[in-house]
Amino acid sequence: MFRRALWLLAGRGCVGRGLSTRSGGSTPDWTEKVSEIKKKIQSALPGGAWDPLYDTSHLPPEHSDVVIVGGGVLGLSVAYWLKRLEKPRGAIKVLVVDRDHTYSQASTGLSVGGIRQQFSLPENIQLSLFSVDFLRNINEYLAVVDDPPLDVQFNPSGYLLLASEKGAAIMENNVKVQRQEGAKVCLMSPEQLQNKFPWINTDGVALASYGLEGEGWFDPWCLLQGLRRKIQSLGVLFCQGEVTRFSTSSSRMQTSSGKEVTLKRIHEVHVKMDHSLEYQPVECALVINAAGAWSGQVAELAGIGKGPPGTLEGTKLPVEPRKRYVYFWHCPEGPGLETPFMADTSGAYFRREGLGHNYLGGCSPTEEEEPDPGNLEVDHDFFQDKVWPHLAHRVPAFQSLKVRSAWAGYYDYNTFDQNGVVGPHPLVVNMYFATGFSGHGLQQAPAVGRAVAEMVLKGQFQTIDLSSLLFSRFYLGEKVEERNII
């Protein structure tokens, strides 16, 4: 009876025609309205097709081959390389989940944008060498048809690192490794340093290393937006929300030594929608943990580190948020256009910003001085007490600088050895990492994304061997220490 009434309502006889032929002014299209009512009623009838009564476009898809947790530059780079290297085209469905689509607290946008090859580890040097090539040729990688070309405003002014007598031997060894890997770096005596950069006070400087090529700084926001634009054109989906839990299954396995371990596999990622109680489970084959400073918390959701202490099951991902301040100041008498990105023996650093005698800089605190990472408030006394005295000593012109603004951002700080974590977890077999770079993740993101995609698609690193950066080193206690952390 109800179906017959619906048929009469939607029939051509009089309803549709009568309501759509009023004269005078614009009239609503009643035929379309009746059609919508018909669809909704039909969806509630036995055997009727399901048609939700509210908009679900903000929800993530129910299925995705790969879910990337974290939409910063590392997560976007992994998405880009997965789509670039996939065969055939369109074979992999990728979803990027991020809590903040504005990137207001993202490490990428709050970075000073430096890139260098002056590291102590060959892996880090190789990562940065590829990344600078990526930036120089960015439109060969990230161009989108009919969109304007990208300009990351790469400024190749180099890095200038200063060493005291105590650190001179380490610097010499580092530069030897850098040259072996193909980086163009030279050593300078205090006299050479003074001749090249007369604005520097060389007191306490025993040696300096200077990047001659492929070092400087760039616009992080442009790289972030360029990656996002490109991967959207390749079909990558985005969702604003928070990953709150994983659905997993377990199986027992015996190792070659006869020890039993539990292997886990993630089947669903539960995404809670922003400013809502709604959540959507997303079925997936693989999860990339690129959640930056919060990647340790994401790992815990998958049960990583929840086992007995001293076991592989009980080994945590040692990545936590560390707050870092960046100060912006003006100094009319400060160093000019040829100023490199300088890092002092004290750890204080600065670089030029623009053309108007403006500068960016800061200094990493000691372990005892680490600020509360619970907010991004700036401690202005830290600049006055810990940063400015060192800057003013090294660059006498900075005695008259005036701070104009400041902000804080997060490092995804690896407390174990301050180096990145790349590749799969040994027990949660379909969770992969791209995190923990402790301040150099932005500059190495293009190369790291490629490495993770290689591991996912080929089962091994192919272009740069990053085996030393696998998760297993935390259980084995094998530190891969980077000496040049700024």
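Presented here is an overview of the structure given in this document.

Each value, and the rule that gives it
Residues numbered from 1 in each chain as written. Predicted model: local features only at pLDDT ≥ 70, side-chain atom pairs only at ≥ 80, totals over all residues. Heavy atoms only, no water. Helix = DSSP H or I, 4+ residues; strand = E, 2+ residues; numbered from the N terminus. Buried < 20%, exposed > 50% of the residue type's maximum accessible area, 1.4 Å probe, protein only. Lys, Arg positive; Asp, Glu negative; His and termini not counted. Salt bridge = Lys/Arg side-chain N within 4 Å of Asp/Glu carboxyl O. Polar contact = N/O pair within 3.5 Å; in protein donor to acceptor, adjacent residues only side chain to side chain. Expected span 1.5 Å × (residues − 1). Bend = angle between axes of the 7 residues up to and from the residue. Contact = heavy atoms within 4.5 Å. Pairing = 2+ DSSP bridges. Axes fitted to C-alpha atoms, helices over the stretch in contact; angles between N-to-C directions. Core = buried A, V, L, I, M, F, W, Y, C linked by side-chain atoms within 4.5 Å. Phe/Tyr/Trp six-rings, centres within 6.5 Å; stacked < 30°, edge-to-face > 60°.

## Topic: the side chain of Asp-98
- With respect to the helices and strands, Asp-98 occurs in strand 2 (residues 94–98).
- No salt bridge is formed by the buried Asp-98; the nearest opposite charge belongs to Arg-99, separated by 6.6 Å.
- Within the structure, the side chain of Asp-98 is placed 2.9 Å from the backbone nitrogen of Asp-100, a separation counted as a polar contact.

## A few points about the pattern of salt bridges
- Tallied over the entire structure, the rule returns 12 salt bridges.
- With a closest N to O distance of 3.8 Å, Arg-229 and Asp-147 form a salt bridge. Taken together, the residues span a long stretch of sequence, with Arg-229 in helix 9 (residues 220–233) and Asp-147 in the loop between helix 6 (138–142) and strand 4 (159–163) at a distance of 82 residues.
- Using a relative accessible area of 36% as the deciding quantity, one classes Asp-147 as partly exposed.
- Note that Asp-344 and Arg-394 form a salt bridge whose closest N and O atoms lie 2.6 Å from each other. Residue Asp-344 is found in the loop between strand 12 (341–343) and strand 13 (349–352), and its partner Arg-394 is found in helix 11 (residues 380–394); the two are separated by 50 residues along the sequence.
- Here the residues in one salt-bridge network are Glu-320, Arg-322, Arg-324, Glu-367 and Glu-370, joined through shared partners.

## A closer look at helix 11
- Compared with the 21 Å implied by 1.5 Å per residue over 15 residues, the 20 Å span of helix 11 between its first and last C-alpha is a close match.
- Along helix 11, the sharpest change in direction is near 45 degrees and occurs at Val-387; proline Pro-389 comes one to four residues later.
- Tucked inside the fold, the buried residues of helix 11 contact strand 4, strand 11 (319–330), strand 12, strand 13, strand 14 (358–362) and strand 15 (402–414).
- Regarding helix 11, its N-cap is Asp-379, as a side-chain oxygen of that residue lies 3.0 Å from the backbone nitrogen of Asp-381 further along.

## As for the sheet that holds strand 12
- Strand order in this open sheet of eight strands is 5-6-4-12-13-14-11-15, and the pairing throughout is mixed. The open sheet has two edge strands with one neighbour each: strand 5 (185–188) and strand 15. The mean angle between the axes of side-by-side strands here comes to 20 degrees, regardless of whether they run parallel or antiparallel.
- Bridge count between strand 11 and strand 14: four bridges; the pairing is antiparallel. Within the sheet, the bridge partner assigned to His-330 lies in strand 14 and is Asn-358.

## Overview of the nonpolar core
- Counting residues in each nonpolar core, the largest one holds 55 residues, and the members touching the most others are Ile-68, Phe-134, Leu-142, Leu-223 and Ile-288.
- If we skip the residues at most four places from it in the chain, Phe-134 touches Tyr-80, Trp-81, Tyr-141, Leu-142, Leu-223 and Pro-446.
- Grouped together as the second largest cluster of nonpolar side chains are 29 residues, Val-97, Val-282, Leu-317 and Phe-471 included.

## Some words on the packing of aromatic side chains
- Under the counting rule described, the total for this entry stands at 26 aromatic pairs.
- Both rings, one in Tyr-325 and one in Phe-382, keep their centres 5.6 Å apart while their planes meet at 55 degrees; by these two values the pair is tilted. With Tyr-325 in strand 11 and Phe-382 in helix 11, the pair connects residues that are 57 residues apart, well separated along the chain. Of the two residues, Tyr-325 and Phe-382, neither departs from the other in class, the shared state being buried.
- Taken together, a centroid distance of 5.5 Å and an interplanar angle of 85 degrees make the contact between Trp-329 and Phe-398 edge-to-face. Pair noted here: Trp-329 is in strand 11 and Phe-398 is in the loop between helix 11 and strand 15, with a separation of 69 residues, a long-range link.

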